[in-house]
Amino acid sequence: MLDSAIVLDNVSKSYAVYTKQLVDRLKETFVLPRRQRHVLFEAVKPLNLDIKKGETVGILGHNGAGKSTLLKLIAGVKQPTGGSIEVNGQLVALLELGAGFNPEFTGLENIRFYCSLLGMTHEKTEAIIPAVLDFAE
């Protein structure tokens, strides 16, 4: 899929939820006979997605719908419970609003600061500044 930037194939993410976190985990691990003492919470139900290069995609949903979890899966911060994720190209994850930005810096200083965090050279940073400013209007 050469024209795809991100491909999700049947991706899902589940978490074990325990009533008594420590006690139930220990009992489930060490006490015989082994009995499941947790309930599975499906944060992301099986999902197929193919984002083409150059496309812009928005993820909408209520609180707790799995938006941030999905982004963390795509960014590689978390591993999926099932399925596979393929990312073709460079991916930069900005998962928290304001991450990488210093309120005491000017806009240009913040661009240069964030680019340095990404490991970009000074030349590359200066080359992309016009595009960033144009995008930000």
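From a predicted model like this one, the values you see are computed outputs, not experimental measurements.

Participant: Would you mind showing me how to read the pattern of salt bridges here?
Facilitator: Note that side chains of opposite charge can pair when their charged atoms are close. Evaluated as defined, the whole model comprises 3 salt bridges. Two residues, Asp50 and Lys52, come together in a salt bridge whose shortest N-O distance is 2.9 Å. In this structure Asp50 comes out as partly exposed when scored by relative accessible area, which is 33%.

Participant: For this particular structure, what's the right way to read the nonpolar core?
Facilitator: Grouped together as the largest cluster of nonpolar side chains are 9 residues: Ala5, Ile6, Leu8, Val11, Val44, Ile51, Leu70, Leu73 and Ile74. Taken together, the elements giving at least two residues each to this core come down to strand S1 (4–18), strand S2 (38–52) and helix H2 (67–75). The element best represented in this core is S1, accounting for 4 residues. Filtering out sequence-adjacent residues up to four positions away, Leu8 remains in contact with Leu47, Asn48, Leu49, Leu70, Ile74, Ser84 and Ile85.

Participant: Whenever I open this one, the side chain of Asp24 confuses me. Can you help?
Facilitator: By the secondary structure assignment, Asp24 is in helix H1 (residues 21–30). Despite its burial, Asp24 pairs with no opposite charge; the closest candidate is Arg37, at 4.9 Å N-O. Beyond its immediate stretch of four places on either side in the chain, Asp24 contacts Tyr18, Thr19 and Arg37.

Participant: Help me understand the packing of helix H3 (residues 107–117) against helix H4 (residues 122–136), please; the structure alone is not making it clear to me.
Facilitator: Any two packed helices are characterised by how steeply their axes cross, that is the angle between the axes, and by the distance between the axes. One can describe the packing of H3 onto H4 by two numbers: an axis separation of 11 Å at closest approach and a directional angle of 130°. Put simply, H3 runs oblique to H4. The element H3 and its partner H4 pack so that their crossing is right-handed. Contacts between H3 and H4 involve Leu108, Ile111, Arg112 and Cys115 on the former and, on the latter, Thr125, Glu126, Ile128, Ile129, Val132 and Leu133. For the contact of H3 with H4, the residue count by class is 7 nonpolar, 1 polar and 2 charged.

Participant: What's the story with the pairing of S1 in this structure? I'm lost.
Facilitator: The two faces of a sheet get side chains in turn, since along a regular strand they alternate between them. Both S1 and S2 contribute to a ladder of 11 bridges, which runs antiparallel. For Ser14, the partnering residue across the bridge sits in S2 and is Glu42. Across 5 bridges, the pairing between S1 and strand S3 (residues 82–87) is antiparallel. Counterpart to Ile6 in the pairing with S3 is Val87.

Participant: Would you take a moment to explain unusual backbone geometry for this structure?
Facilitator: With the exception of glycine, most residues fall at negative phi, and the peptide bonds are largely trans. The backbone phi angle of Asn10 is positive, close to 55°, even though this residue is not glycine. Residue placement: Asn10 occurs in strand S1. By relative accessible area, Asn10 is classed as partly exposed at 43%.

Conventions adopted
- Residues numbered from 1 in each chain as written.
- Predicted model: local features only at pLDDT ≥ 70, side-chain atom pairs only at ≥ 80, totals over all residues.
- Heavy atoms only, no water.
- Salt bridge = Lys/Arg side-chain N within 4 Å of Asp/Glu carboxyl O.
- Buried < 20%, exposed > 50% of the residue type's maximum accessible area, 1.4 Å probe, protein only.
- Core = buried A, V, L, I, M, F, W, Y, C linked by side-chain atoms within 4.5 Å.
- Helix = DSSP H or I, 4+ residues; strand = E, 2+ residues; numbered from the N terminus.
- Contact = heavy atoms within 4.5 Å.
- Lys, Arg positive; Asp, Glu negative; His and termini not counted.
- Axes fitted to C-alpha atoms, helices over the stretch in contact; angles between N-to-C directions.
- Parallel < 35°, antiparallel > 145°, perpendicular 65-115°, else oblique.
- Left-handed = near helix turned anticlockwise from the far one by under 90°.
- Nonpolar A, V, L, I, M, F, W, Y, C, P; charged D, E, K, R; others polar.
- Pairing = 2+ DSSP bridges.

Keep in mind that these numbers describe shape and distance, not what the molecule does.
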